[in-house]
Amino acid sequence: MPEKVRPKGLTRRQLLSRSTAAGGSFVVGAGFLAAPNGAWAMETAALKPETMAALVQMARDIYPHDQVGDEYYVIAVKGYDTADAAEGIEAGIAKLNAAAQAAGHDSYLSMGWERDRVDILRAMEDDPFFQQIRGGLVTGLYNQKAVWPIFGYEGASFEQGGYIDRGFNDINWL
Amino acid sequence: MTAPFDLSDDSVVVVIGTGAGGGVLANELAQKGVSVVALEAGGRHLPEDFINDEWDSFGQLAWTDPRTTSGDWRVARDFSGLPAWIVKSVGGTTQHWAGASLRFQEHEWKAATTYGNVEGATLLDWPIDAAEMDPWYTLAEDKLGVTRTGDRPGLPGNNNYLVFEKGAKALGYRDVHTGRMAINSDDKRDRLMCQQTGFCFQGCKWGAKWSAGYVDVPAGEATGNLEVRPHSHVARILHNEAGKVTGVEYFDADGNLQMQKARIVCVAGNSFESPRLLLNSASSMFPNGLANSSDQVGRNYMRHMTGSVYAVFDKPVKMWRGTTMAGIITDEARHDPSRGFVGGYEMETLSLGLPFMAAFLDPGAWGREFTTALDAYENMAGMWLVGEDMPQATNRVTLNTDVEDQHGLPVANVHFDDHPNDIAMRNHAYQQGVAVYDAVGATRTFPTPPYPSTHNLGTNRMSENPEDGVVNKWGQTHDVENLFVSDGSQFTTGAAENPTLTIVALAIRQADHIAREMGAGNI
Ligand SMILES: Cc1cc2nc3c(=O)[nH]c(=O)nc-3n(C[C@H](O)[C@H](O)[C@H](O)COP(=O)(O)OP(=O)(O)OC[C@H]3O[C@@H](n4cnc5c(N)ncnc54)[C@H](O)[C@@H]3O)c2cc1C
Ligand code: SF4
């Protein structure tokens, strides 16, 4: 099971003071990326923090679930923050930013509306970079045990003796 | 107790694969005192080893050796390296299966006669019929402990079933119930009773569901006549100058090539591996592959017409609780060409966990249209549609000599194009499936495309005439008298029903035949 990203002992004020504006709902600083409220933070190893921020936003735009926090999207794409993967990811996000600029925006992250970002993604849907990220998310996001309860899914049941006495037929609205 | 046989013992029957066909055949032969060596590519996994987690279980049990695909089926696009979701393990795909155990309808044994000429289809009548199979079906039902047969009660319905049943009745369907399942519904038998755990597709940790892996294989071993060698991948079947098979070459657990001699060889590797093995066993005497003088090995691949319908309601269903396949509507299984297609289909409840739902609901889809469906996961109900598909000569397993597996053997390429009859039937089934859920107030429905194939049939089909198929009515190859096919690849046509009960019945019948013929000194 992927570990949960945890704030690295920074207070919200320290975070904000060390950050540069990245747009979107992230705080980006030297070698780190965080939630504006300090709920989570991650250090980046191989990727530029703003690249990671764009990647997390891209992940959410591909599989948007408003009730699922950013930290789960961070976990879903964290595996790309390696020396091997970084070059491809930087190039892919650069393409996203170029497309955003061609559409009159500063960057992908600076686009305020999901609709506009999705237009950019639709246009590059067949691109191997897009397919790599989308394909990886199918397990990267939905196979995190920590997100299952958000969808109501109960996971393993053998240990609790199955549902024979725990509501396998408890539907009450039919 | 397990009998160890020598590699040079040429009196044994070698069975390749230990799934529904091979596992049952090996046990049945052992019960009759025949010496059997069963070679199984996968390892041993018992109920305590199974994992209540979709992807982890897939990693534990699924066959993930390379295969390739072609054709217009969507699986070739969405899952190009995974044409089938089947198992590599002692017990084969009966480790994963849901347990639906249905007999063919009488007319389905005679598809060519009943359906007449269907353009592009290579329909054929089976050389056996319902009367011939009746006693074997009864033995199979008793072995598997099928509910609603004999004195076995039906299972209770879970939430997913209750939604389905209500919709079915509202639509006027009559034949809806909790199915004929190879799952224990009471405490009176040797296996535990179903605890409504869900995860039937991940292996039943209670052992309530029948699997050849933990039922037939140990029973056969207990006789002292059966040796099962796990992690043994058969590469080639060998023959002598008289054209009789003499043994098999296989890679053992350490990757070393071994040779096991045999009096009889029975192939039961499921419908991709069985023809692949025959084709990979080509020799100067049999240049097109073993038992392939008809050129039918690998052809007429059938996977059932399938699809699913999921529906979202305004209130919770929690479909994952309890048996995965919890009920059936059989009203559409009849042959009624007025619907615009020949043959029929079954509707069966099905549930996937969140991880598999994300992968299979609409493979490749993204964005809010897709994610709002998953947001409503808790309020979803689901059913699977399974019907008879048309055999076609060009739907075919061939060797792909450009791709090799870990043993350096050419892999199977699976080519499949839907027949217009399959498409017409699927569209009808989608419409009816959606209607069932609309009748209970669904707010949104999803006609979901076929998953990688779970039912794989027909690639060594049974035929009266040696030119039309690969095996005769006993599963014995037309060309080689001591070579048999013992799995779903024998199917002449697919019928609407889930295939395993028929595979098991055929295996019990074949064991009886082989033992008799051996006793008489005929083979
Ligand atoms: C998720 C799922 C649900 C299902 N539900 C149902 C259901 O409800 N009802 C139903 O009737 N059917 C169901 N099925 C289908 C059923 O499981 C199969 O039809 C049946 O198991 C096929 O039997 P078989 O003997 O042809 O092959 P398998 O059971 O697949 O056995 C083949 C075995 O051969 C081994 N093998 C292959 N090649 C080699 C080789 N070269 N050397 C050695 N060993 C080899 C494999 O590892 C495997 O263990 C389901 C299948 C799946 C995947
Ligand atoms: S629901 Fe029943 S049959 Fe299925 S895995 Fe659980 S206990 Fe076994």
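Residues numbered from 1 in each chain as written. Chains lettered and ligands numbered in written order. Predicted model: local features only at pLDDT ≥ 70, side-chain atom pairs only at ≥ 80, totals over all residues. Heavy atoms only, no water.

A. Structural detail: the pattern of salt bridges. Applying the stated criterion across every chain, the model contains 38 salt bridges over all chains. With a closest N to O distance of 2.6 Å, Arg368 of chain B and Glu114 of chain A form a salt bridge. With Arg368 of chain B in helix H10 (residues 368-375) and Glu114 of chain A in helix H5 (residues 114-123), this pair bridges two chains. What makes Arg368 of chain B partly exposed here is its relative accessible area of 32%. Residue Glu114 of chain A is classed as partly exposed on the basis of its relative accessible area, which comes to 22%. Here Glu221 of chain B makes a salt bridge to Arg44 of chain B, at a shortest N to O gap of 2.5 Å. With a gap of 177 residues between them, Glu221 of chain B in helix H7 (residues 212-222) and Arg44 of chain B in the loop between strand E2 (36-39) and helix H2 (54-61) connect regions that are remote in the sequence. Since its relative accessible area comes to 10%, Glu221 of chain B is described here as buried. The exposure class assigned to Arg44 of chain B is partly exposed, which follows from its relative accessible area of 37%. (Salt bridge = Lys/Arg side-chain N within 4 Å of Asp/Glu carboxyl O. Helix = DSSP H or I, 4+ residues; strand = E, 2+ residues; numbered from the N terminus. Buried < 20%, exposed > 50% of the residue type's maximum accessible area, 1.4 Å probe, protein only.)

B. Spatial organisation of the site of ligand 2. Taken together, Ile183, Cys194, Gln195, Gln196, Thr197, Gly198, Phe199, Cys200, Cys204, Trp206, Lys209 and Thr323 of chain B make up the full set of residues adjacent to ligand 2. Partitioning the shell around ligand 2 into residue classes produces six nonpolar, five polar and one charged. (Near = heavy atom within 4 Å. Nonpolar A, V, L, I, M, F, W, Y, C, P; charged D, E, K, R; others polar.)

C. How the structure looks around the environment of Glu125 of chain A. With respect to the helices, strands and loops of the structure, Glu125 of chain A is situated in the loop between H5 and helix H6 (128-140). Residue classification places Glu125 of chain A among the partly exposed positions, given a relative accessible area of 25%. It is 15 Å that separates the C-alpha atoms of Glu125 of chain A and Ala94 of chain A, two residues lying 31 residues apart in sequence. Apart from residues lying up to four places away in sequence, Glu125 of chain A is in contact with Phe130 and Gln131 of chain A together with Trp366 of chain B. Among the polar contacts made by the side chain of Glu125 of chain A, one reaches the side chain of Arg122 of chain A at a distance of 3.0 Å. (Contact = heavy atoms within 4.5 Å. Polar contact = N/O pair within 3.5 Å; in protein donor to acceptor, adjacent residues only side chain to side chain.)

D. The pairing of strand E1 (residues 13-16) of chain B, seen in detail. All names here are of chain B. The side-chain alternation of E1 yields two buried faces, one formed by Val13 and Val15 and the other by Val14 and Ile16. Looking at chain direction, E1 and E2 are connected through four bridges and run parallel. Note on E2: the bridge partner recorded for Val14 is Val37. Regarding topology, helix H1 (residues 20-31) serves as the crossover connection from E1 to the parallel E2, and that connection is right-handed. Here E1 runs beside strand E9 (residues 264-267); their pairing, made up of four bridges, is parallel. Looking at E9, one finds that Val14 is bridged to Val265. (Pairing = 2+ DSSP bridges. Right-handed = clockwise from strand over helix to strand, strands pointing away.)

E. Here's a closer look at the nonpolar core. In this structure, Leu55 and Met58 of chain A together with Tyr310, Phe313, Met380 and Tyr437 of chain B are the most contacted members of the largest nonpolar core, which totals 135 residues. Apart from the residues lying within four places of it in its own chain, the contact partners of Leu55 of chain A are Leu47, Val77, Tyr80, Ile89, Ile93, Phe129 and Ile133 of chain A. (Core = buried A, V, L, I, M, F, W, Y, C linked by side-chain atoms within 4.5 Å.)

F. Local environment of the site of ligand 1. All names here are of chain B. Taken together, 39 residues sit near ligand 1, with Glu40, Thr93, Ala100, Asn270 and Thr500 positioned nearest. Between ligand 1 and Ala98, the relevant distance is 2.9 Å, taken from a nitrogen atom to a main-chain nitrogen or oxygen of the residue. At 3.4 Å, a backbone N or O of Ala268 approaches an oxygen atom of ligand 1. Protein chains bury 98% of the 1,000 Å² of accessible surface belonging to ligand 1 in isolation. Taken together, the residues of the shell around ligand 1 sort by class into 16 nonpolar, 19 polar and four charged. (Areas by Shrake-Rupley, 256 points an atom, 1.4 Å probe, with all protein chains shown as cover.)

G. Region of interest: the side chain of Asp252 of chain B. Residue and element names in this part refer to chain B. Along the chain, Asp252 turns up in the loop between strand E7 (245-251) and strand E8 (257-261). One buried charge, Asp252, has no salt-bridge partner; the nearest side chain with opposite charge is Arg229, at 9.0 Å. Here the side chain of Asp252 touches Gln258 through a polar contact of 2.9 Å, side chain to side chain. Ignoring anything within four residues of it in the chain, the contact list for Asp252 reads His231 and Gln258. (Lys, Arg positive; Asp, Glu negative; His and termini not counted.)

H. Structural context of the packing of helix H6 (residues 159-171) of chain B against helix H11 (residues 420-438) of chain B. Residue and element names in this part refer to chain B. Interaxial distance between H6 and H11 falls to 7 Å at its minimum, and their mutual angle equals 100°. As summarised for this structure, H6 and H11 are arranged roughly perpendicular, according to the angle between their axes. Residue-level inspection shows Asn160, Val163, Phe164, Gly167, Ala168 and Leu171 of H6 in contact with H11, the latter providing Gln432, Ala435, Val436 and Tyr437. For the contact of H6 with H11, the per-class residue count stands at seven nonpolar, three polar and no charged. (Axes fitted to C-alpha atoms, helices over the stretch in contact; angles between N-to-C directions. Parallel < 35°, antiparallel > 145°, perpendicular 65-115°, else oblique.)

I. Quick peek at H5 of chain A. Residues and elements named next belong to chain A. All of the buried residues in H5 are Arg117, Val118, Ile120 and Leu121. Buried residues of H5, viewed axially, fall in a sector of 155°; they line one side. Projecting away from the buried face of H5 at angles above 90 degrees are the exposed residues Arg115 and Ala123. Packing partners of the buried residues in H5 comprise helix H2 (49-62), helix H4 (83-102) and H6. (Arc of directions from axis to C-beta.)

J. Focus on the packing of aromatic side chains. A full pass over the atoms with the stated rule returns 33 aromatic pairs over all chains. Summarising the aromatic geometry, the rings of Trp109 of chain B and Trp126 of chain B are spaced 4.8 Å apart at their centres and angled 80° between planes, so their arrangement reads as edge-to-face. Placement of Trp109 of chain B in the loop between helix H3 (74-78) and helix H4 (111-115) and of Trp126 of chain B in the loop between H4 and helix H5 (130-144) is noted, with a sequence separation of 17 residues between them. We classify Trp126 of chain B as buried; its relative accessible area is 1%. Taken together through their ring pairs, the aromatic side chains of Trp55, Phe58, Phe79, Trp85, Phe201, Phe356, Phe360 and Tyr451 of chain B make up a single cluster. Above the plane of the ring of Trp113 of chain A lies Arg115 of chain A, whose end atom (NZ or CZ) is 5.3 Å from the centre. The aromatic ring of Trp63 of chain B is capped on one face by Lys88 of chain B, whose charged end is 4.9 Å from the ring centroid. (Phe/Tyr/Trp six-rings, centres within 6.5 Å; stacked < 30°, edge-to-face > 60°. Lys NZ or Arg CZ within 6 Å of the ring centre and 35° of its normal.)

K. Broad picture of the sheet that holds E2 of chain B. All names here are of chain B. Strand order in the open sheet formed by five strands is E5-E2-E1-E9-E17, with parallel pairing between adjacent strands. In the strand order of this sheet, the two ends are held by strand E5 (226-229) and strand E17 (483-485), each with one partner. Sheet twist, expressed as the average angle between the axes of neighbouring strands with direction ignored, equals 20°.

L. The packing of H4 of chain A against H6 of chain A, seen in detail. Residues and elements named next belong to chain A. Where H4 contacts H6, the two axes come as close as 10 Å, and the packing angle between them is 110°. The angle between the axes of H4 and H6 places the two elements in the roughly perpendicular class. Here H4 and H6 pass one another in a crossing that is left-handed. Counting all contacts with H4, which are made through Gly88, Ile89, Gly92 and Ile93, the residues of H6 involved are Phe129, Gln132 and Ile133. (Left-handed = near helix turned anticlockwise from the far one by under 90°.)

M. Expanded view of the interface of chain A and chain B. Between chain A and chain B, the contact holds 40 residues from the first and 45 residues from the second. Here chain A meets chain B over a buried area of about 3,700 Å², counting both sides, of which 63% is carbon and sulfur. Taken as a group, Tyr153, Phe168 and Trp173 of chain A account for 20% of the area that chain A buries against chain B, more than any other trio of residues on that side. Taken together, the links from chain A to chain B amount to five salt bridges. Linking chain A with chain B are 25 residue pairs in polar contact (both at pLDDT 80 or more). If you list the elements that add at least two residues to the side of chain A that touches chain B, you get H2, H5 and H6 of chain A. Of the residues that constitute the side of chain A that touches chain B, the class distribution is 19 nonpolar, 11 polar and 10 charged. (Buried area = accessible area lost by both parts, 1.4 Å probe.)

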